[in-house]
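# Summary of structural features
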Amino acid sequence: MQKPGTKDHPLRVAIIGAGPAAFYAADSLMKQDGVAVAVDMFDRLPTPFGLVRGGVAPDHQKIKNVCRVFHKTAMRPGFRFFGNVEFGTHVTIDDLRRHYHQIFFATGAQTDRSLGIPGEDLAGSHSATEFVAWYNGHPDYCDCTFDLSAESVVIVGIGNVAVDVARILCRTPEELASTDIADYAFEALSESRVRDVYMLGRRGPAQAAFTPPEVKELGEMEDAVAIVSPAEAEVDELSKQYLENADRDTLRNVEIIQQFASAAGNGRFKRLYIRFLVSPTEILGSADGKVAGVRLVRNELYRTEDGRIRPRATEDHEELPAGLVFRSVGYEGVALPGVPFDADWNVILNEQGRVLDPETRHHVVGEYVGGWIKRGPSGVIGTNKADAVETVHCMLADLEAGIVLEPESPDPEAAERMIRERQPRAFSFEDWCRIDEIETNRGQETGRPRVKFTSIDEMWRALDRVRS
Ligand code: NAP
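Note on numbering: residues in each chain are counted from 1, in written sequence order. Predicted model: local features are reported for residues with pLDDT of at least 70 only, side-chain atom pairs are reported and counted for 80 or more only, and whole-chain, interface and lining totals are derived from all residues. The side-chain figures draw on all heavy atoms in the structure; neither hydrogens nor water molecules are used.

Turning our eyes to something else, we now look at the overall build of the protein chain. Secondary structure is summarised from DSSP: a helix means a run of H or I of at least four residues, a strand means a run of E of at least two, and numbering begins at the N terminus for each. Within the protein chain one finds 17 helices and 20 strands. The C-alpha atoms of the protein chain give a radius of gyration of 24 Å, which matches the 23 Å a tight globule of 468 residues would have. Projected onto its principal axes, the C-alpha coordinates of the protein chain cover approximately 70 × 60 × 40 Å. Burial classification: accessible surface area is computed with a 1.4 Å probe over protein chains only, and a residue below 20% of its type maximum counts as buried, one above 50% as exposed, and the rest as partly exposed. Across the 468 residues that make up the protein chain, the buried fraction comes to 54%. Any two residues whose heavy atoms approach within 4.5 Å are treated as being in contact. Long-range pairs, those at least 24 residues apart, make up 75% of the contacts in the protein chain between residues at least 6 apart in sequence. A 1.4 Å probe and the Shrake-Rupley method give the accessible areas. Residues count as covered only by the protein chains that appear here. Element-wise, carbon and sulfur atoms account for 48% of the exposed surface of the protein chain, whose accessible area totals about 21000 Å². The average position of the 54 basic charges and that of the 73 acidic charges among the side chains of the protein chain differ by 3 Å. As a reference, a globule follows 2.2 Å times the number of residues to the power 0.38, and the radius of gyration itself is taken over C-alpha atoms. Counted charges follow a simple rule, with Lys and Arg positive, Asp and Glu negative, and His plus the chain ends left uncounted. A charge is said to be at NZ when it belongs to Lys, at CZ for Arg, at CG for Asp and at CD for Glu.

Following this line, the structure appears as structure tokens:
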């Protein structure tokens, strides 16, 4: 076989997923000197950019500027996007093996972790991922409903997703009006009667998963105050020892929390309570099967044999009334059909991004992985760059060593024919650019960054109108 990677015979790579990990990998592959690479990127949604569109909070527009970088990658010759094409439904691993030399999975972590406590299935108990996808206009979640007539809301977890959810619940309609939040979510949140929001941390301020800029912002909202009880802001002996060698972010987190604890209350309408050393043991229900509150246990910290600081329940319990509960305790990767999965870690089984056969632990030739489905749901958008580069390094080394798939049909037209046969409503990058322009124009009329389409049919109809 002639080694691929030349202008006439480029290395053909299929990337599954179109979030940051996918774009960083495409960029790294396509800018290599001396290797010609053609990338076909697939996403089950018609729109690219994954969590940058569907996860990053609407009041964090600056973070979304990274899409400009991804757009430049998409403009490279040899790049194609096939949106609304789902791996496992429209294309299978065998299809891809027939058309590509290498396959890169970047499907993220598509579901949420559960708490495993009674009451989790009551009406009014939701995952934060559902709420985030809803307010960001994700087509699969636009029909969700959340009872925002509840005055008190509990969010379990104190990572950055919990912080996003708390902020969106506490923002005023005026603050939300200038964002790209989905229209229906704006309307629902403008009518919201939520007044008290509780974020529950099972450990102390020194172990919080949020990052300093994000937690600091909780103290800067227009009509909501962040409240921490001085007792819970206090750092215990174990944490004091830990803080002696802690990184700057941890020290800053503790400092911000202690500032919240010492701040005098003010006359703001909404109250955001950041709690520490408490775990929910049960979500309590009312007679009509709806969430009525949360039963909590107070924790203490202890050091495990391997040196980690973990929470342990005490005998001290309390109950918090609440009409809505969001669990925000991390995302979880989902197995893809025909791709080896590590069910303990909920990632695709891999070594430095090379997919491994679970039986032999040998590399499955031609298969690679990047992003959250490679390493688990951690880090910020930029973290995916180094992560993607690590995998691309393996891909190029394998190409150099001649370890690539030998597709029977590497012709790009053949791949496109197959895709369009399976999904006649596949969206191209050009289609996305049109959607982007329409959304942005609609936003300009009302002083917003964009007004999103939230249904695939609606997007397709808008494209039809532009095409005709
Ligand atoms: P995360 O950072 O892993 O936080 C998960 C939180 O859930 C932690 O507070 C964790 O506490 C808690 N938790 C886990 N199991 C629990 C249980 N059984 N009971 C009670 N609490 C439990 O996850 P995330 O918030 O979903 O965020 C995912 C990633 O996206 C993170 O890397 C985050 O920084 C990133 N992100 C960034 C931004 C931003 O930069 N603005 C925004 C959103 C998300 P323990 O620490 O005790 O385990």
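Next, the rest of the story.
Strand order in the open sheet formed by six strands is 6-14-7-8-10-9, and the pairing between neighbours is parallel. The open sheet has two edge strands, strand 6 (125-127) and strand 9 (224-227), and neither has a second partner. Within the sheet, the average angular offset between the axes of one strand and its neighbour, ignoring direction, is 20°. Of the strand pairs in this sheet, strand 8 (residues 196-200) and strand 10 (residues 270-275) are connected by five bridges, and their pairing is parallel. Among the inter-strand pairings, Y198 is bridged to a residue of strand 10, identified as Y273. For two strands to pair, DSSP has to find at least two bridges joining them. Note on definitions: angles span 0 to 180 degrees between N-to-C directions of axes, and those axes are lines fitted to C-alpha atoms, for helices only across the stretch in contact.

In this section: the nonpolar core. Core analysis: the largest hydrophobic core is formed by 46 residues, its most contacted members being L169, L218 and I274. Among the elements that take part in this core, helix 6 (residues 160-170) stands out by supplying seven residues, more than any other. Each residue touching I274, except ones within four places of it in the same chain, is listed here: M199, F210, L218, A226, I227, V228, E232, I257 and F260. As used in this record, nonpolar core signifies buried Ala, Val, Leu, Ile, Met, Phe, Trp, Tyr and Cys residues forming a set joined through side-chain atoms within 4.5 Å. One finds V37, V39, V56 and F79 within the second-largest nonpolar core, a separate group that totals 44 residues.

Right, let's get into the sheet that holds strand 3 (residues 79-83). Here we have seven strands laid out as an open sheet, ordered 3-2-1-4-20-19-18, and mixed in their pairing. The sheet is open, and its two edges are formed by strand 3 and strand 18 (350-351), each paired on a single side. Pairing between strand 2 (residues 37-43) and strand 3: five bridges, direction parallel. In the strand pairing of strand 3, F42 is matched with F82. On top of the sheet, helix 14 (residues 383-400) reaches strand 1 (11-16), strand 4 (102-105), strand 19 (354-356) and strand 20 (363-369); it is set at about 150° to strand 20, its chief contact. In the packing of helix 15 (residues 412-422) onto the sheet, contacts are made with strand 1, strand 2 and strand 3, and the angle to strand 3 comes to roughly 10°.

Our next topic: the site of the ligand. A single heavy atom is enough: if one lies within 4 Å of a molecule or strand, its residue is considered near that molecule or strand. Taken together, 23 residues lie around the ligand, and N160, R202, R203, E214 and G379 are the ones closest in. Side-chain atoms alone can form a polar contact between residues adjacent in sequence; in general such a contact is a pair of N or O atoms within 3.5 Å, and within protein one must be able to donate a hydrogen while the other accepts it. In the model, an oxygen atom of the ligand is placed 3.5 Å from a nitrogen or oxygen of the S328 main chain. Computed on the free molecule, the ligand has an accessible area of 920 Å², of which 81% lies beneath the protein chains in the complex. The element best represented in the shell around the ligand is helix 6, accounting for three residues.

The subject of this paragraph is the pairing of strand 2. With seven of seven residues buried, strand 2 is to be regarded as a mostly interior element. Residues V37, V39, M41 and D43 line one face of strand 2 and the alternating positions A38, D40 and F42 line the opposite face, and both faces are buried. For strand 1 and strand 2, the ladder comprises six bridges, and the chain directions are parallel. Among the inter-strand pairings, I15 is bridged to a residue of strand 2, identified as M41. By definition, the crossover connecting two strands over a helix is right-handed if that path, from the first strand to the second, turns clockwise as seen with the strands pointing away from the viewer. Following the chain from strand 1 across helix 1 (residues 20-30) to the adjacent parallel strand 2, one finds a crossover that is right-handed.

Moving on, we get to the layout of surface pockets. Space inside and on the surface of the protein is sampled on a 1 Å grid over the protein atoms alone, with a cavity defined as a set of points where a 1.4 Å probe fits but cannot get out and a pocket as an open set with protein on both sides within 12 Å along at least 5 of 7 lines; lining residues have an atom within 4 Å of a point. Grid points are joined across faces, edges and corners, and a volume is the space filled by probe spheres set on the points. Within this model, the second largest pocket holds a volume of roughly 400 Å³. If you trace the second largest pocket, you find 16 residues lining it, with K64, N65, C67, D436 and R450 closest to the centre. Mapped by element, the contributors of at least two residues to the lining of the second largest pocket are helix 2 (50-54), helix 3 (66-74) and helix 16 (429-445).

Positionally, I256 belongs in helix 12 (residues 248-262). Considered as a pair, I256 and A150 are 106 residues apart in the sequence and their alpha carbons are 29 Å apart. Residues in contact with I256, not counting those within four places in the same chain, are P212, V215 and K216.

Let's shift gears to unusual backbone geometry. For F49, which is not glycine, the phi torsion reads 90° and is therefore positive. Tracing the backbone through its elements, the reader meets F49 in the loop between strand 2 and helix 2. The class for F49 is buried, based on a relative accessible area of 5%. The phi torsion at N84 lies on the positive side, around 70°, for a residue other than glycine. Among the residues examined, N84 registers a relative accessible area of 9% and is labelled buried.

With that settled, the discussion passes to helix 1. The buried count for helix 1 comes to 11 of 11 residues, which makes it a mostly enclosed element. For helix 1, the full list of buried residues reads P20, A21, A22, F23, Y24, A25, A26, D27, S28, L29 and M30.

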